[in-house]
Each structure stands twice: as C-alpha cells, then as structure tokens.
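Coordinates in review
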Amino acid sequence: MNAQQRQVVAEQKEKIWTRNFILICLANFFIFLGFQMTLPTLPLFVEHLGGNDQLVGLVVGIFTFSALLVRPFAGHALETRGRRFVFLLGLLIFVVSVGSYSVITSMLLLFLMRVVQGIGWGFSTTASGTVATDIIPASRRGEGMGYYGLSGNIALAFGPSLGLVLAAMIPFSHLFLICALLGVASVLFAAAITYKKVEGRPRYETNKWDLYEKTALVPSVLLFFLTVTFGGIASFLPLYTAQKGIGGLQLYFLLYALALMVTRTFAGQLYDRKGHRAVFLPGAGLILLAMLLLSWLPGEWALLLAAVLYGFGFGMVQPGLQAWSVERAPVHRKGMANATFFSFFDLGVGIGAMVFGQISHWFGYPSIYVTAAGSVLVSMLVYLSVLRKEQPFHPRQERNA
C-alpha cells in the first residue's frame, strides 16, 4: 500500500457519516420521537385518570429511577453480552411498555408499566450512546456526539408538539399505540447495524458491585445538577402554562429543539478543539437565565425566549459532557462510562420531578424554577472547583477508541 492509499484509508477511518452512524441516528430518532410524544401528554393522562401534581411527579420520577437502577447492569451487559443484545432488548421492552398504556385505566397499572418502561429506556439509551461512541472516530468524538444528539433533538422538535396535537384529536389509547409503532421502527434500524465485537474484560475486574466508571464521575455529577431542571419542565410546564393562561407551549418545544440543533452543529467541534472549558460555563449560564425567566413568566414571549436560551445552553453542555465522560475511560469501560453518565442524567430528572411535585404543592409552580436555577448555580460552582484542581485537558490528546 503506497502513501496515497494509506492517506485515503486514514481519511475513511476518520469519517463520521458512515452507514452504521446513519443507522444508529435513525434508531435513536424513532425511539426518541416515541418517547418525546409521551413527555407532555403523560401529565395530561395522569389528570385524565384522576391524579394530581404529586402523582405527576411520581409518574415521571419512578420512570427515571427504574432507568437509573438498571443502567449499571446495562453497562456490564454491554461489555459481556454485546451491544446488539442489550440495545434490542431495551428497545423491545420500551415498545411493549408504551403500547400497554393504551389499555391502562388505573394509576397503579400506570406506575407498574412506567417502571417497565424505565428499564427498557435504561438499557436502550445506554446501549445507543455506547454504540455511537464505538462508531465515531475518537479524534472527532465531540463533533460526532453532537451530530448523534441531533437525531434526538429533531425528535424533540416535533415529538412534544405532535403528541399534544394528537392528544387533542384522538384517544390516549391511539396515541400510545402510535408511540409504540415508532419504537418498532427503531428496532428495525437497530437490527441492521454492524456492531463492534465485545473485547475481553481484564481478569482482575470481577467485582459484581462495580456500579460506575470513576473517570466519568466529574462530568456526570455536573450533568446531574443541570438535568434537575428537566424534571420541572417535562412534568409541570404544561400545567404551569395552563394555570397562567399562557399559550405557545407547542412552539416552546419546537424552538427549544431548533436551538439545540443549531448549537450542536458547532458546540461539539468547539469541545474537540478547546475542551470543556469553552462550552460548560457559557451553556450553564444560559440554562440559569432560562430557569429565572420561567420562574417569572409574564407572558408568551418569556416562555419562547426561555425555550431558546434553554436549547442553546443544553446544546452546548450535553454533548461536551458526554464526550468528556468517555474520553478517559479504558476501552473495555466505554459502556460503563456511558451508563454512569446516563445514570446521573436519570437521577437528576427523577429527583427534580419528585421534589418539584412537592414544591409546587406547597409553594406553587414559579418556585419550581427558582429551585431549578439554584441547582444550575450549584453545577457552575462545582465546575469552578474542579477547574482549580484539574490540569488543562485537551480531548484530542486522549484518543481512547
């Protein structure tokens, strides 16, 4: 092989948009579309079944906590049973659980199936992020994870609005069947992926209580304080805006997703070139402003401005934090690093939803977003503390494939 041929091969190895990458993005898009359609409609479904704000928080929280509990097991299974097995199993569980909502008529059954859905979500999203990590060239991981995240963002752009529109036109049972069919499409795309062969784990790693990857803890903890805000938005924003008589909720989700999509086209590349220092504080600052604006919420313009700020903020920090969480993990620990990352994501959403359910009951909806702003501020302070102890880090210098 001459020098020119070697250069061509090297360039091909650095490509992001391969067949497998397109397939994982499509699989991720359809499962997220089905999930996002349920996000603003489940609180309405809980009210339809006779539930209150506290029960809304519990329905959201129990889902995220069940996903949280299975993620360490998903991380181990990814390294022992393989990516295909874990991914397809999680997707199938998700399809069955969401489809079951079409026949549920009691809160007890809804709680039970939300636990099952959380298990499927925990397995599928941990596997999906790991598969994407396998496929993306290490030198372009921040950029690639940004593009991969776009598949979920596009679903977010249409999913919540589509779910709300359909909920006003058709019975909840039909809505949830449509969501399940979108999950089936995800299964078909996932089955077509060529998966990385699982490498053998070192013999000394036999601790069954190995529940996290230590190299991923710092970005995961930072993520936790940010995703607490998700609990306030996903669970209570539809009810909050209805109480204030403010329209534009469907446009909120659309603008939020569009802002995420725009940001992901450059934030990942910025991370690859300059590291997390270039993206975290600016992004977290925008999220903080969005939460303060929602706590005030004088009108529809404030709601839509908060959507743009929140989208730009999360679009900057999330792909960078995910790339950061896997950069330093050993090759055989990429799955566990992703499991750690998403576990803290779930923990933030779950705690946020449950705590905010009580806060809204005691103090009203605006207090939710004041508390969420405080959580973002804590994340920023923790990050500044980490910077004082950490040597400058450039992602391109650590290319763990």
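Residues numbered from 1 in each chain as written. Predicted model: local features only at pLDDT ≥ 70, side-chain atom pairs only at ≥ 80, totals over all residues. Heavy atoms only, no water.

**Describing the overall build of the chain**
Short version of the rule: Think of it this way: any DSSP run of H or I at least four residues long counts as a helix, any run of E at least two long counts as a strand, and we number them from the N terminus. Restricting the calculation to C-alpha atoms gives the radius of gyration, and the globule rule supplies 2.2 Å times the number of residues raised to the power 0.38. Relative accessibility decides the category of a residue: with a 1.4 Å probe and only protein chains considered, values under 20% of the type maximum give buried, values over 50% give exposed, and everything between is partly exposed. Note on contacts: a residue pair is in contact if any heavy atoms of the two residues lie within 4.5 Å. To measure how exposed things are, a 1.4 Å probe is used in the Shrake-Rupley method; for residues, cover is taken only from the protein chains shown. Neither His nor the chain termini are counted; the positive set is Lys and Arg, and the negative set is Asp and Glu. Charge positions come from single atoms, namely NZ of Lys, CZ of Arg, CG of Asp or CD of Glu.
Tallying secondary structure elements over the chain gives 14 helices and 0 strands in all. Relative to its length of 401 residues, the chain is compact, with a C-alpha radius of gyration of 20 Å against a globular reference of 21 Å. C-alpha atoms of the chain, sized along the principal axes, occupy 70 × 45 × 40 Å. In the chain, which comprises 401 residues, the share counted as buried stands at 60%. Put simply, of all contacts in the chain between residues at least 6 apart along the chain, 87% involve residues at least 24 apart. When the accessible surface of the chain is totalled, it reaches about 16000 Å², and 68% of it is carbon and sulfur. The positive charge centre, built from 29 side chains, and the negative charge centre, built from 17, are 5 Å apart in the chain.

**Focus on the confidence of the model for the chain**
Heads up, the condition is: Residue-level confidence of the predictor is summarised by pLDDT, bounded by 0 at the bottom and 100 at the top.
Residues of the chain with pLDDT of at least 70 account for 90%, and the chain-wide mean is 85. Segment residues 202–206: pLDDT under 50, and 3 contacts once partners within four positions in sequence are set aside and those in other chains are kept. Scored below 50 in pLDDT, residues 397–401 shows 15 contacts in the model against residues more than four places distant or in partner chains.

**Observations concerning the packing of helix 4 (residues 53–80) against helix 13 (residues 334–363)**
Heads up, the condition is: Geometry is summarised by axes, namely lines fitted to C-alpha atoms with helices restricted to the contacting stretch, and by angles between N-to-C directions that run from 0 to 180 degrees. Angle categories: roughly parallel below 35 degrees, roughly antiparallel above 145, roughly perpendicular from 65 to 115, and oblique for all the rest. Under this grouping Gly is polar, as are all residues other than the nonpolar Ala, Val, Leu, Ile, Met, Phe, Trp, Tyr, Cys and Pro and the charged Asp, Glu, Lys and Arg.
Two numbers describe how helix 4 lies on helix 13: the axes approach to 8 Å, and their chain directions differ by 170°. On the basis of the axis angle, helix 4 is roughly antiparallel to helix 13. Considering only residue class, the contact of helix 4 with helix 13 consists of 16 nonpolar, 13 polar and 5 charged.

**Structural notes on the side chain of Ser325**
Counting through the fold element by element, Ser325 comes out in helix 12 (residues 300–327). Judged by its relative accessible area of 0%, Ser325 falls in the buried class. Setting aside anything within four residues of it in sequence, one finds Ser325 in contact with Thr215, Ala216, Pro219, Ala337 and Phe341.

**Here we look at the packing of aromatic side chains**
The condition is simple: Paired rings are identified among Phe, Tyr and Trp, the last through its six-membered ring, by centres lying within 6.5 Å, and are further divided according to the angle between planes into stacked (under 30 degrees), edge-to-face (over 60) and tilted (the rest). Lysine NZ or arginine CZ positioned within 6 Å of the ring centre and within 35 degrees of the ring normal marks a charge as sitting over the ring.
Overall, the coordinates contain 29 aromatic pairs when judged by the stated rule. Ring geometry for Tyr101 against Phe176: centres 5.4 Å apart, planes inclined by 80°, an arrangement best described as edge-to-face. Here the residue Tyr101 occupies a position in the loop between helix 5 (83–100) and helix 6 (107–135), and Phe176 occupies one in helix 8 (residues 172–191), the gap between them amounting to 75 residues. By relative accessible area, Phe176 is classed as buried at 0%. With a centroid separation of 5.8 Å and an interplanar angle of 45°, the aromatic rings of Tyr240 and Tyr365 are classed as tilted. Here Tyr365 lies in the loop between helix 13 and helix 14 (366–389) and Tyr240 lies in helix 9 (residues 217–244), a separation of 125 residues in the sequence. One exposure class covers both Tyr240 and Tyr365, and it is buried. Lying across the ring of Phe85, Arg81 places its NZ or CZ 4.2 Å from the centre.

**Concerning the packing of helix 6 against helix 7 (residues 141–169)**
What counts here: Two helices crossing with the near one rotated counterclockwise from the far one by less than a right angle form a left-handed crossing, whereas a clockwise rotation gives a right-handed crossing.
Contact geometry for helix 6 and helix 7: axes closest at 10 Å, N-to-C directions at 135°. Accordingly, the angle class assigned to the pair helix 6 and helix 7 is oblique. Crossing of helix 6 over helix 7 shows right-handed handedness. Seen from helix 6, the contacting residues are Ser128, Gly129, Ala132 and Thr133; seen from helix 7, they are Arg141, Met145 and Tyr148.

**Remarks on unusual backbone geometry**
Comment: phi is negative for the bulk of residues other than glycine, and the bulk of peptide bonds are trans. Even without being a glycine, Leu297 presents a positive backbone phi close to 45°. Note on placement: Leu297 falls in the loop between helix 11 (280–296) and helix 12.

**Let's talk about helix 3 (residues 41–48)**
Among the residues of helix 3, those classed as buried are Thr41, Leu42, Pro43, Phe45 and Val46. A positive backbone phi angle near 100° is found at Gly50, which sits one or two residues after helix 3.

**So, helix 14**
Every α-helix carries 3.6 residues per turn, so stepping three or four residues along brings you back to the same face. As a reminder, the rule being used: Multiplying 1.5 Å by the helix residue count minus one yields the expected span of that helix.
Its 24 residues give helix 14 an end-to-end C-alpha distance of 36 Å, which sits within 8% of 34 Å, the value for a rise of 1.5 Å per residue. Ser367, Ile368, Tyr369, Ala372, Ala373, Ser375, Val376, Ser379, Met380, Tyr383, Val386 and Leu387 are the residues of helix 14 that are buried.

**Re the side chain of Ser161**
Turning to its location among the elements, Ser161 is positioned in helix 7. The exposure class of Ser161 is buried, given its relative accessible area of 13%. Excluding residues within four positions of it along the chain, Ser161 makes contact with Gln250 and Phe253.

**As for empty space enclosed by the protein**
For the record, the criterion: Definitions used throughout: a 1 Å grid over protein atoms alone; a cavity as a set of points that fits a 1.4 Å probe which cannot get out; a pocket as an open set with protein on both sides within 12 Å along at least five of seven lines; a lining residue as one with an atom within 4 Å of a point. Grid points are joined across faces, edges and corners, and a volume is the space filled by probe spheres set on the points.
For the coordinates displayed, the defined rule picks out 2 cavities of 30 Å³ or more. Of the pockets and cavities examined, the largest cavity occupies roughly 740 Å³. What lines the largest cavity is a set of 39 residues, and nearest its centre among them are Phe32, Phe35, Gln36, Phe230 and Phe345. Broken down by element, the lining of the largest cavity gets its largest block of residues, 6 residues, from helix 4. Looking at the lining of the largest cavity residue by residue, the class counts come to 25 nonpolar, 10 polar and 4 charged.

**Re the environment of Leu384**
Turning to its location among the elements, Leu384 is positioned in helix 14. Taking the relative accessible area as the measure of exposure, Leu384 reaches 35% and is therefore partly exposed.

**Considerations on the environment of Met113**
Along the polypeptide, Met113 turns up in helix 6. Residues Met113 and Asp272 lie 159 residues apart in sequence; the distance between their C-alpha atoms is 40 Å. In contact with Met113, other than residues within four places in its own chain, are Ser97, Ser100, Tyr101 and Ile104.

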